[in-house]
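What follows is the residue order along each chain.
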Amino acid sequence: NATVLASPTALAFDGSANLYVTELGGAALTGLLRRVALSNGTVTTIVPAGTLTSPRGVEVLDIGTIAVSDSGNHAIRLVNPTSLAVTLLSGLAGTSGTNVGTAAQSRFASPHHLAKSGGDVLVVADQGNHRLTLIATNGNTSVLYGIPSNSWETASAPGILPGWENGTVDFAESRTPSGVVVDGSGNVFVSEQFYHVIRQASGSGLTGASGVGTGGSAGSLSAPSLTFSPSSGYFPLGTLITV
């Protein structure tokens, strides 16, 4: 297909052999959502320029709706792939913040990638807030982990790196999370840009995603738990990590 994608940032499959792709949309970062038919490579623009700003994540829900992280507008949107209607799931478009709670109260700061867990609960790499945020189907939010940056351990003590600390949800830090995925057991794996690490969050109560959206009924996926090699440590640029 001759269609040229302008800085694609994320992709997700549905249950009907389609691939959904978010694009930054060139220098203006106007943002697009495209659908690619895997059978013949036909590309269709689902959300044209002018609605999204710098979208960085996409996920297909079991009900067939497409969730998109509208990063430049600090919001999470839903797209109906049939009617092409775009609605707000959570956050306030154009306003960043740190609140969690109801859909109307919730605020994000440059949300990046999305992952779907069981029950269509979304996990958001809320990069500007240095945390992982959960979104229920009604748009209500809660924090999975990542304490505020003003509560990080400081660099004043030897060996302490701000935004590095692991631990329980009361203490765990996350510095510039970008990518996120949920495995079949509900474990959450997160890539962080600042320290070039991948973290695992376990014991969250999440379950693995039930399938991929098929416009009303979910297909069946048997996703294995992820393994990493090497599985711990600090790796300089260029180190090969096998997933």
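See the structure shown above.
All figures in this text were calculated on a predicted structure; none of them were measured in a lab.

## Focus: the pattern of salt bridges
Logical step 1: In this structure the tally under the stated criterion is five salt bridges.
Logical step 2: With a closest N to O distance of 2.5 Å, R34 and E23 form a salt bridge. You can see R34 sitting in strand β3 (residues 32-37) and its partner E23 sitting in strand β2 (residues 18-23), a full eleven residues away along the chain.
Logical step 3: R34 sits in the buried class, given a relative accessible area of 14%.

## Quick look at the side chain of S178
Logical step 1: Of note, S178 is situated in strand β13 (residues 177-182).
Logical step 2: On the accessibility criterion, S178 (12% relative accessible area) is buried.
Logical step 3: Apart from residues lying up to four places away in sequence, S178 is in contact with H112, H113, A125, Q127, S191 and Q193.

## With respect to unusual backbone geometry
Logical step 1: The backbone of S110 shows a phi angle near 55 degrees, a positive value even though the residue is not glycine.
Logical step 2: Here S110 falls in the partly exposed class, since its relative accessible area comes to 21%.

## Things to note about the pairing of strand β7 (residues 75-79)
Two faces make up the sheet, and in a regular strand the side chains alternate between them.
Logical step 1: Of all five residues in β7, five are buried; the element is thus mostly enclosed.
Logical step 2: Because side chains alternate across β7, one face comprises the buried residues A75, R77 and V79, and the other comprises I76 and L78, equally buried.
Logical step 3: Here strand β6 (residues 66-70) runs beside β7; their pairing, made up of five bridges, is antiparallel. Looking across to β7, one finds that D70 is bridged to A75.
Logical step 4: Pairing between β7 and strand β8 (residues 86-91): five bridges, direction antiparallel. Residue R77 lies in a different strand from β8, and its bridge partner there is L88.

Calculation notes
- Residues numbered from 1 in each chain as written.
- Predicted model: local features only at pLDDT ≥ 70, side-chain atom pairs only at ≥ 80, totals over all residues.
- Heavy atoms only, no water.
- Salt bridge = Lys/Arg side-chain N within 4 Å of Asp/Glu carboxyl O.
- Helix = DSSP H or I, 4+ residues; strand = E, 2+ residues; numbered from the N terminus.
- Buried < 20%, exposed > 50% of the residue type's maximum accessible area, 1.4 Å probe, protein only.
- Contact = heavy atoms within 4.5 Å.
- Pairing = 2+ DSSP bridges.

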